[in-house]
Amino acid sequence: MSELGFSNLTWDQVVVLDRVLDEIIPIHGRGNFPTLQVKPKDIIHVVKDQLIKQGIVVKDTRLNGSTASYILASHNGISYKDLDIIFGVDLPCDQEFHVVKDVVLGCLLDFLPKGVKKDKLTQRTMKDAYVQKMVKVCNNHDRWSLISLSNNNGKNVELKFVNSIRRQFEFSVDSFQILLDRMLDFYCDKNAKLTKESYPVVVAESMYGNFQEAMIHLKYKLISTRKPEEIRGGGLLKYSNLLVRDFKPASEVEIKILERYMCSRFFIDFPDVAEQQKKIESYLRNHFIGEEKSKYEYLMTLHGVVNQSTVCLMGYERRQTLNMITLMALKVLGEQNILPNTNNVTCFYQPAPYIVTEGGYPSYFVPSGPPQVYFQPYQAVHFNVPSGMF
């Protein structure tokens, strides 16, 4: 990548980075397992050292995604949840993948509280207690693995070990990566003190390609991407999330074209309605913790995008997906015990399919099984919810 993709952090940004790396993040154990108190700078350092001792080549370590965006523009109201850390490593065969997993699980033992007997704790036990998910991808284009450590507040520590990955970002605003190695070296020097006159040169990179353009998008909350058809799921769910968080398309004309690619790739990756619902539910769980009231707006925003930009589905399939999203939105309202204002709800009456006349009085034949639910497709369905109605 050309120099256009790089920039040095300012002093203020280095201060924010230091604060993020020094923050204690609880890794919650399942059942009776104790909570681990982990500082990002400590776990990165320990894992990196152990990988090298085990013969794994570590090229660099990086802070990725929303956390990197937060450090670059924390003054702009940007926030983050997961702490996404990338280790650039060589993974030539399956053996290295196993070494990486064993190293991480072994390092977790070092963070157990004092007094906990570690001799009987196996790696399987540590995995079951503290790992939320593990992912391994190994094909012609991608070789990487992910170990996500549990946090009940949604602030998971995600350790990603990347040999190669074809696509490293969804949108320009989450394309930033901050190289951490100079900062880690600085922490290792016990005599070093972080001051405005003496701080390490920390480099940030935008995988979007043009750092300054991506920073403008981040500053003004603009949505831009390239080739969304290369992204698993098309970036559709993240795009709807950005819209809900008041991001605007950098180009209204271009975004209409990109929306079609987003929808097409999403339905390629998740062709079945059940799969689509499972994916959306998972996204809501992971990205809307503590934001229950935003779920309805998100789902109806997603409904609007799918309704307007889906061109790859048959009419029946499209209606199925739209109905599924609508039902999810209504379920969210029900879970929040919010009653919609019925003045703005339109109901459609459909006569029963069979009418049997006996003695001159009409009666209806009701088929067995649950009643069918019919929806009239609109660009979006909105309920005006009076404040305070619960």
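The preceding data block contains the structure.
Thresholds, definitions, all that
Residues numbered from 1 in each chain as written. Predicted model: local features only at pLDDT ≥ 70, side-chain atom pairs only at ≥ 80, totals over all residues. Heavy atoms only, no water. Helix = DSSP H or I, 4+ residues; strand = E, 2+ residues; numbered from the N terminus. Buried < 20%, exposed > 50% of the residue type's maximum accessible area, 1.4 Å probe, protein only. Contact = heavy atoms within 4.5 Å. Areas by Shrake-Rupley, 256 points an atom, 1.4 Å probe, with all protein chains shown as cover. Phe/Tyr/Trp six-rings, centres within 6.5 Å; stacked < 30°, edge-to-face > 60°. Lys NZ or Arg CZ within 6 Å of the ring centre and 35° of its normal. Pairing = 2+ DSSP bridges. Axes fitted to C-alpha atoms, helices over the stretch in contact; angles between N-to-C directions. Core = buried A, V, L, I, M, F, W, Y, C linked by side-chain atoms within 4.5 Å. Salt bridge = Lys/Arg side-chain N within 4 Å of Asp/Glu carboxyl O.

**Details of the overall build of the protein chain**
- The secondary structure content of the protein chain amounts to 12 helices and 14 strands.
- For the protein chain, with 390 residues in total, the buried portion stands at 43%.
- Excluding contacts between residues fewer than 6 apart, the proportion of contacts in the protein chain whose partners are at least 24 apart in sequence is 70%.
- Put simply, the protein chain shows about 21300 Å² of open surface, and 51% of that area lies on carbon and sulfur atoms.

**What to know about the packing of aromatic side chains**
- According to the stated counting rule, one finds 11 aromatic pairs in the structure shown.
- Both rings, one in W11 and one in Y199, keep their centres 5.2 Å apart while their planes meet at 45 degrees; by these two values the pair is tilted. Note that W11 is positioned in helix α1 (residues 11-22) and Y199 in the loop between α6 (181-188) and β10 (203-206), a separation of 188 residues in sequence.
- Across from the ring centre of Y187, 4.5 Å away, lies the NZ or CZ of K41, which sits over that ring.
- Over the face of the ring belonging to W144 we find K160, whose NZ or CZ atom lies 4.9 Å from the ring centre.

**What to know about the sheet that holds β10**
- Here 8 strands make up an open sheet; going across it, the order is β1-β10-β9-β4-β5-β8-β7-β6 and the pairing mixed. Unpaired on one side and paired on the other, β1 (6-8) and β6 (131-138) mark the two borders of the sheet. Between one strand axis and the next, the sheet turns by 20 degrees as a mean value, whatever way the strands run.
- The pairing of strand β9 (residues 176-179) with β10 spans 3 bridges and is classified as antiparallel. When the bridges of β10 are listed, I178 appears paired with A204.

**A closer look at the nonpolar core**
- Of all hydrophobic cores here, the largest spans 97 residues; its most connected members are L17, L51, F161 and I178.
- With 9 residues, helix α4 (residues 94-109) is the largest single contributor of residues to this core.
- Excluding its chain neighbours within four sequence positions, the residues that come into contact with I178 are L9, L17, T61, R62, L63, A68, I71, V202, V203 and A204.
- Grouped together as the second largest cluster of nonpolar side chains are 5 residues, I86, W144, L146 and V162 included.

**Examining the pattern of salt bridges**
- For the structure on display, the rule yields 16 salt bridges.
- The partner of E230 in a salt bridge is R167, and the shortest N-O contact between them spans 3.4 Å. You can see E230 sitting in the loop between β11 (222-223) and α8 (236-244) and its partner R167 sitting in the loop between β8 (157-164) and β9, a full 63 residues away along the chain.
- Residue E230 is classed as partly exposed on the basis of its relative accessible area of 34%.
- The exposure class assigned to R167 is buried, which follows from its relative accessible area of 16%.
- Across the pair D174 and K238 runs a salt bridge, and its minimum N-O distance is 2.6 Å. Of this pair, D174 sits in the loop between β8 and β9 while K238 sits in helix α8, placing them 64 residues apart in sequence.
- Residue class for D174 comes out buried when judged on its relative accessible area of 9%.
- The network of salt bridges with common partners includes D22, K39 and K41.

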